[in-house]
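# Tertiary structure, described
The chain contents come next:
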Amino acid sequence: MIQIKKEEFKKNITDYLKVLYRKEAEEATQQQLFQAVSYAVKDIVVDQWMATHKEYEKQDAKTVYYLSMEFLMGRALGNMIINLSANKVIKESIAELGLDLNVIEDQEPDPALGNGGLGRLAACFLDSLSTLGYPAYGCGIRYKYGMFKQKIKNGFQLEVPDDWLRDGYPFEIKRSEYAVEVKFGGYVAIRKDEKGKDRFIQENYQSVRAVPYDLPIVGYNNNVVNTLRIWDAEAIDTFNLDSFDKGDYQKAVEQQNLARTICEVLYPNDNHYAGKELRLKQQYFFVSASIQRAVTKYMENHDDIRNLYEKVTFQLNDTHPTVTVAELMRILMDDYDLEWNEAWDITTKTCAYTNHTIMSEALEKWPLELFSRLLPRIYQIVEEINRRFIIEIQECYPGNYKKIEKMAVVYDGQVKMAHLAIVGSYSVNGVARLHTEILKHQELKDFYEHFPEKFNNKTNGITQRRFLLHGNPLLADWVTQKIGDEWITNLSAIDELSIYADDEKCQKEFMNIKYQNKLRLAEFIKEKNGIEVNPRSIFDVQVKRLHEYKRQLLNILHVMHLYNQLKTNPGMEFYPRTFIFGAKASAGYRRAKAIIKLITSVADVVNNDKSIDDKIKVVFIEDYNVSKAEMIFAASDVSEQISTASKEASGTGNMKFMLNGALTLGTLDGANVEIVEEVGEENAFIFGLTSDEVIHFEQNGGYNPKEHYNIDHDIRNILTQLINGYYSPENPELFREIYNSLLEQNGGERADQYFILKDFRSYEAAQKRVEEAYKDSTGWAKSAILNVAKSGKFSSDRTIEEYATEIWKLDKVKVEL
Ligand SMILES: *Cc1c(COP(=O)(O)O)cnc(C)c1O
């Protein structure tokens, strides 16, 4: 182990202040202090990083490349300090310099290179891979602008660019020596080589230089540091700009523009396919760069490309990186001279695919015209994969043309990326048990019947290091006091807390910690929203991307209903409640943005109505991101997980709440099913249609929401308030679209396609059970402690152990310093 000496570390910080800013500590801004501390921490990390890679090389260890368009990392500094074994020395040194670590941490921009759950999953996986000692690269894109910052103005969402690199990001290292060329467009010429063999040569293309930036991923207290490699695009040959040749000049300008645009911005769509040309360029850009580099690195230490799969595996995080299948085929055939069958055998032993959704609007299908124009050589390979696969299908199911229609990779003028991913991978996994079962028996039934051995489940997880140890230090210390610190690297050990669930003193301690965290959040809300919330009220929280299937609308309609009840009957028994929302809507998702405006409008009316005696408060927290998430989970009593059953593949927010002792109010969807299985139905509030019921309705044309509207007076009341200006006197038509979506069909879209009115009364009843349960504070404390105690299964360490042993076949590596 490296001994870090305090004096040396402190000197490093002051030296960096001088070198970077020519300043003494007393004169430096907080941002400059953040930079200097980060550089000093990076110095420690770099030694471990180099030692790790030396060890990987020495052991010739198999490596997973986790390919993902998104990595929603959140802040690095605080997490890195916690994970480093030198953590005590670092903290003491910072304190001795008179600096406030919390203030310094707050200077870091939240690297938000992702939308929501999928990107955060990738980030949790990297943390677990390092902590478990598995060799891994995360491969992604260095977006100049990550997920937009959300401002709320007059109750509406505004999107502000996230210029996270403005002050320089101290943890990245540019690795120009690993730059590669990525080609787009042009055409494929077929020429004979000296041996008379056909060569496929892309000509008249445009290209960019892909340049990697490496970020360290520090394992917990084990000296292991893996790499997140994000690619930036640079122009290839700027000197051509001076050329007098008109054609060359034009091309040079185009190439510069291509390089400038590719990594400019993250698409802000969550669970939605938009079909934009630039998005396909981003996909091929980072995939081609990552695969080229991985193959080159492999060949630096091995002589036979045919054994690639023994040392390398590519995990595709959703279909976004699926061109990997064709790109690897291209490299194996065009660069390494392999025949089709040999290349295909290697490719299908190297690629593995994770499915993240069954929703049709999220399925990627690229128009052939676009795909073939942008990626002419890749297109040829995809066509050939499709031709051979169709022959295979025909041989299996002679005369059954429906099978081809349903399974072909290229069909109806489109490349179906999910089909390409399944055909080209040796493993296909869903992300929660229910989700995988729906894939096998509904959405991907034909593929499951054809390739049953490929299908498997890997229930998602989250890292307890960020979402308990870092995000909730009070609870983390309490848990460690009770049962020791094994839970930090083995979350199943947290089950030992169960014996304290009935202990009155422990219940009091637990509820007090929750109260302290609620105070912290209440102060934040006071400062940011100007709203006073009662820290003794129930903190009922729904934070996640805004999407109709997640049903924030069900939640706010229920708040409207409660408010109506309180107005009609001010004396009714009611436990004070604070409804907290946080959600970004995709910039182009009109209905989602209208729902945000509805939430903020209801908040304005309810929060300012003296007649209800502060019994209900509604808070919309602006710009929900990872660092806010950490604070919010710690302060939550109720975890709203109310998606339409069958629509949420897993969810991971649900797990973070559970780990922090919030009780789930949810449908039997995604991983909620497994959460309830672990903690017991008596410690959660389950309501609503089951996924089987939802799927049954969908296969039979839906249901008729007008029946509920006609029969149910309260429902009719709240719906009418959407269109009579009750919450929007300045514009009574503001929520007409929401109203219509609940009652009218619209083109191919069913009325109330997410079953909000159908589940309304069942949700209301579950909310009543929440209130009753909270009034019994010992009972509540017991349930909350049990939620923490039974969260062991939902560590991403467990998930990664399953991926590593069942899919990737990796060995753990120990790093000694
Ligand atoms: C965990 C997380 C998500 C995913 O939340 P779900 O409730 O599973 O949709 C999204 N955004 C952030 C910032 C998160 O930390």
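Residues numbered from 1 in each chain as written. Predicted model: local features only at pLDDT ≥ 70, side-chain atom pairs only at ≥ 80, totals over all residues. Heavy atoms only, no water.

An unreviewed UniProt entry lists the chain under the name Alpha-1,4 glucan phosphorylase, with Anaeromicropila populeti given as the organism. Under the UniProt heading Catalytic activity (unreviewed entry), the note attached to the chain is "[(1->4)-alpha-D-glucosyl](n) + phosphate = [(1->4)-alpha-D-glucosyl](n-1) + alpha-D-glucose 1-phosphate". (UniProt positions renumbered as here; feature names shortened; annotations may be inferred.)

### Describing the layout of surface pockets
The space that makes up the second largest pocket amounts to roughly 1,200 Å³. Around the second largest pocket sit 46 residues that line it, and Ile 358, Met 359, Ser 360, Glu 361 and Leu 363 are the ones nearest its centre. Residue assignment for the lining of the second largest pocket shows that the elements contributing at least two residues are α15 (417-424), α16 (433-443), α17 (445-450), α22 (590-607) and α26 (691-699). Per-class residue counts for the lining of the second largest pocket are 15 nonpolar, 13 polar and 18 charged. The two domains that each donate at least three residues to the lining of the second largest pocket are domain 2 (60-74 + 110-460 + 801-808) and domain 3 (464-690 + 767-794). (1 Å grid on protein atoms, 1.4 Å probe; cavity = no way out; pocket = protein on both sides within 12 Å on 5 of 7 lines; lining within 4 Å. Points joined across faces, edges and corners; volume = space filled by probe spheres on them. Helix = DSSP H or I, 4+ residues; strand = E, 2+ residues; numbered from the N terminus. Nonpolar A, V, L, I, M, F, W, Y, C, P; charged D, E, K, R; others polar. Domains from an automatic or database assignment.)

### Re the UniProt feature "modified residue: N6-(pyridoxal phosphate)lysine" (unreviewed entry) in the chain
Following the UniProt record, one finds the feature "modified residue: N6-(pyridoxal phosphate)lysine" (unreviewed entry) at Lys 656. Looking at Lys 656, the relative accessible area reads 7%, which means it is buried. If sequence neighbours within four positions are ignored, Lys 656 has contacts with Arg 120, Ile 462, Phe 467 and Phe 633. (Buried < 20%, exposed > 50% of the residue type's maximum accessible area, 1.4 Å probe, protein only. Contact = heavy atoms within 4.5 Å.)

### With respect to the domain arrangement of the chain
The domains assigned to the chain are domain 1 (1-58 + 87-106), domain 2 (60-74 + 110-460 + 801-808) and domain 3 (464-690 + 767-794). A C-alpha centroid distance of 35 Å is found between domain 2 and domain 3. Listed as interface residues are 42 residues of domain 2 and, on the opposing side, 41 residues of domain 3. Three residues, Gln 150, Tyr 220 and Arg 433, lead the burial of domain 2 against domain 3; their summed loss comes to 18% of the area buried on that side. On the surface where domain 2 and domain 3 come into contact, there are three salt bridges. Summed over the shared surface of domain 2 and domain 3, the number is 20 residue pairs in polar contact (both at pLDDT 80 or more). Contributing elements (two or more residues each) for the side of domain 2 that touches domain 3: α6 (117-132), β3 (149-153), β4 (156-160) and α16. When residues of the side of domain 2 that touches domain 3 are assigned to their parent elements, the largest contribution, seven residues, is made by α6. Split into classes, the residues belonging to the side of domain 2 that touches domain 3 amount to 16 nonpolar, 17 polar and nine charged. (Buried area = accessible area lost by both parts, 1.4 Å probe. Salt bridge = Lys/Arg side-chain N within 4 Å of Asp/Glu carboxyl O. Polar contact = N/O pair within 3.5 Å; in protein donor to acceptor, adjacent residues only side chain to side chain.)

### Some details on the site of the ligand
Around the ligand, the structure places 13 residues, and the nearest of them are Lys 544, Lys 550, Thr 652, Gly 653 and Lys 656. Within the side chain of Lys 544, one N or O atom sits 2.8 Å away from an oxygen atom of the ligand. Contact distances for the ligand include 2.6 Å between an oxygen atom and a side-chain N or O atom of Lys 656. Spatially, the ligand is embedded in the largest cavity. (Near = heavy atom within 4 Å. Sits in = over half its atoms within 2 Å of the grid points.)

### Considerations on the side chain of Thr 354
Within the fold, Thr 354 resides in strand β12 (residues 351-354). Only 2.8 Å separates the side chain of Thr 354 from the side chain of Gln 315, close enough to count as a polar contact. Discounting residues that sit within four places of it in the chain, Thr 354 has contacts with Gln 315, Leu 316, Asn 317, Asp 318, Asn 429, Val 431 and Tyr 803.

### A look at the pattern of salt bridges
Within the structure shown, the criterion is met by 76 salt bridges. A salt bridge links Glu 405 to Lys 402; its shortest N-O distance comes to 3.8 Å. A residue pair is termed a helical-turn pair when its members lie 3 or 4 positions apart in one helix, as Glu 405 and Lys 402 do in helix α14 (residues 401-407) at three residues. Accessibility expressed as a relative area gives 36% for Glu 405, which makes it partly exposed. Judged by its relative accessible area of 52%, Lys 402 is exposed. Close ionic contact of Arg 551 with Asp 759 constitutes a salt bridge, the shortest N to O distance being 2.9 Å. Taken together, the positions of Arg 551 in the loop between β18 (538-543) and α21 (552-568) and Asp 759 in helix α30 (residues 756-775) put the pair 208 residues apart, joining distant regions of the chain. There is no split in this pair, since Arg 551 and Asp 759 are both buried. Look at the salt bridges and you will find they share partners, linking Lys 6, Glu 7, Lys 10, Lys 88, Glu 92 and Glu 96 into a network.

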